[in-house]
Amino acid sequence: MDDPAADAEPKQRRVRRKEARPSELVEAALALFVEKGFAATRVEEVAARAGVSKGTLFLYFPSKEELFKAVVRETIAGRFTEWHQELDNFQGSNAELVRYCMHSWWERIGMTAASGITKLVMSEASMFPEIAAFYQQEVIGPGHDLLRRVLQRGMDSGEFRPLHLDYAVYSLIAPMIFLLMWKHAMTPCCPASHTIDPITFIDSQLSLLLNGMVAPAC
């Protein structure tokens, strides 16, 4: 006599896999976009890596551009609400908040495969301006707004001196961009003796940003 429970278990596994396919496709696309770039990645490769057919991929994402947008939203852009909430609830000093932001960014983005998206956009923006425009709208703009809030908080409390916010934001972003480019473009070309420890680098940049280079007067 057939066991209904035994029949149900494989069916449940198939249902779970079907529901998980969009996330599996996003994960596969992220890996391939970082490895090969946007232009060189073919949707057939993404589908094969995710273990589905190209037709299944197109059920969820009608084009490679839409797949790329899903990757960005899933790994970076979709997290800004969470980050704004963390800013609203942060209890420490403003210097501690800046430090928290830079370390958290490295842990959540810089250490992950998503860190390669920035290099991809910088490398291929001229060939795919629509991708660059999307990244500007979904990541760069919201990222600037978040960092402006961080710096404005410090100015409002009197902990930070008056700053030109638009340019001060770039001072926070520039070290992060350097780390991404080092990780994805320069590391393969450099000898082991030139290895950069990301946390040490971030702490050094924080010291320069918060304390400057000039020794305090006696």
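## Description of the overall build of the chain
Thought 1: In terms of regular secondary structure, the chain is built from ten helices and zero strands.
Thought 2: Each helix and strand of the chain, ordered N terminal to C terminal, gives the series α-α-α-α-α-α-α-α-α-α.
Thought 3: Taking the principal axes of its C-alpha atoms as reference, the chain extends roughly 90 × 40 × 35 Å.
Thought 4: Per-residue burial for the chain yields a buried fraction of 36% across its 218 residues.
Thought 5: Sequence-distant contacts in the chain: of pairs separated by 6 or more residues, those separated by 24 or more amount to 69%.
Thought 6: Summed over its atoms, the accessible surface of the chain is roughly 12700 Å², and 56% of this surface lies on carbon and sulfur atoms.
Thought 7: Within the chain, one finds 23 positive and 27 negative side-chain charges whose respective centroids are separated by 4 Å.

## Brief notes about the nonpolar core
Thought 1: Of all hydrophobic cores here, the largest spans 54 residues; its most connected members are Val46, Leu57, Phe68, Val72 and Ile117.
Thought 2: Among the elements that take part in this core, helix 8 (residues 129–157) stands out by supplying eight residues, more than any other.
Thought 3: Ignoring anything within four residues of it in the chain, the contact list for leucine 57 reads Leu25, Val43, Val46, Ala47 and Leu67.

## A word on the layout of surface pockets
Thought 1: Looking at the largest pocket, its volume works out to about 710 Å³.
Thought 2: Around the largest pocket, the lining comprises 29 residues; the ones closest to its centre are Phe80, Trp105, Gly143, Leu147 and Ile173.
Thought 3: Only helix 5 (80–89), helix 6 (94–110), helix 7 (116–124), helix 8 and helix 9 (165–186) provide two or more residues apiece to the lining of the largest pocket.
Thought 4: Broken down by element, the residue count for the lining of the largest pocket peaks at eight residues, all from helix 6.
Thought 5: Each pocket or cavity is described by its volume, and for the second largest pocket that value is around 360 Å³.
Thought 6: Contributing elements (two or more residues each) for the lining of the second largest pocket: helix 9 and helix 10 (198–211).

## Let's talk about the packing of aromatic side chains
The description of an aromatic ring pair rests on the distance of the ring centres and on the angle between the ring planes.
Thought 1: Enumeration according to the criterion identifies ten aromatic pairs in this entry.
Thought 2: Between phenylalanine 80 and tryptophan 83, the ring centres sit 5.1 Å apart and the planes meet at 90 degrees, which makes this aromatic pair edge-to-face. Of this pair, phenylalanine 80 and tryptophan 83 both sit in helix 5, three residues apart, which is roughly one turn of that helix. As far as burial versus exposure is concerned, phenylalanine 80 and tryptophan 83 are alike and both buried.

## A look at the side chain of threonine 118
Thought 1: Within the secondary structure, threonine 118 is located in helix 7.
Thought 2: Residue threonine 118 is classed as buried on the basis of its relative accessible area, which comes to 12%.
Thought 3: Within polar-contact distance, the side chain of threonine 118 engages the side chain of tyrosine 135 at 2.8 Å.

## Overview of helix 6
Thought 1: The end-to-end C-alpha distance of helix 6 is 22 Å, a good match for the 24 Å that 17 residues give at a rise of 1.5 Å each.
Thought 2: Among the residues of helix 6, those classed as buried are Asn94, Ala95, Leu97, Val98, Met102, His103, Ser104, Trp106, Arg108, Ile109 and Gly110.

## So, the packing of helix 4 (residues 64–75) against helix 7
Thought 1: Where helix 4 contacts helix 7, the two axes come as close as 11 Å, and the packing angle between them is 140 degrees. The pairing of helix 4 with helix 7 is recorded here as oblique in orientation. Seen from above, helix 4 lies across helix 7 with left-handed handedness. Taking contact as the criterion, the partners of Phe68, Val71 and Val72 in helix 4 are, on helix 7, Ile117, Leu120 and Val121.
Thought 2: Counted by class, the contact of helix 4 with helix 7 contains six nonpolar, no polar and no charged residues.

## Details of the side chain of glutamate 124
Thought 1: One can find glutamate 124 in helix 7.
Thought 2: Here glutamate 124 is buried and forms no salt bridge, its nearest opposite-charge partner lysine 64 lying at an N-O distance of 7.1 Å.
Thought 3: At a separation of 2.9 Å, a polar atom in the side chain of glutamate 124 contacts the main-chain amide nitrogen of alanine 39.
Thought 4: Residue contacts for glutamate 124: discarding those within four places in its chain leaves Gly37, Phe38 and Ala39.

Criteria and cut-off values
- Residues numbered from 1 in each chain as written.
- Predicted model: local features only at pLDDT ≥ 70, side-chain atom pairs only at ≥ 80, totals over all residues.
- Heavy atoms only, no water.
- Helix = DSSP H or I, 4+ residues; strand = E, 2+ residues; numbered from the N terminus.
- Buried < 20%, exposed > 50% of the residue type's maximum accessible area, 1.4 Å probe, protein only.
- Contact = heavy atoms within 4.5 Å.
- Areas by Shrake-Rupley, 256 points an atom, 1.4 Å probe, with all protein chains shown as cover.
- Lys, Arg positive; Asp, Glu negative; His and termini not counted.
- Charge placed at Lys NZ, Arg CZ, Asp CG, Glu CD.
- Core = buried A, V, L, I, M, F, W, Y, C linked by side-chain atoms within 4.5 Å.
- 1 Å grid on protein atoms, 1.4 Å probe; cavity = no way out; pocket = protein on both sides within 12 Å on 5 of 7 lines; lining within 4 Å.
- Points joined across faces, edges and corners; volume = space filled by probe spheres on them.
- Phe/Tyr/Trp six-rings, centres within 6.5 Å; stacked < 30°, edge-to-face > 60°.
- Polar contact = N/O pair within 3.5 Å; in protein donor to acceptor, adjacent residues only side chain to side chain.
- Expected span 1.5 Å × (residues − 1).
- Axes fitted to C-alpha atoms, helices over the stretch in contact; angles between N-to-C directions.
- Parallel < 35°, antiparallel > 145°, perpendicular 65-115°, else oblique.
- Left-handed = near helix turned anticlockwise from the far one by under 90°.
- Nonpolar A, V, L, I, M, F, W, Y, C, P; charged D, E, K, R; others polar.
- Salt bridge = Lys/Arg side-chain N within 4 Å of Asp/Glu carboxyl O.

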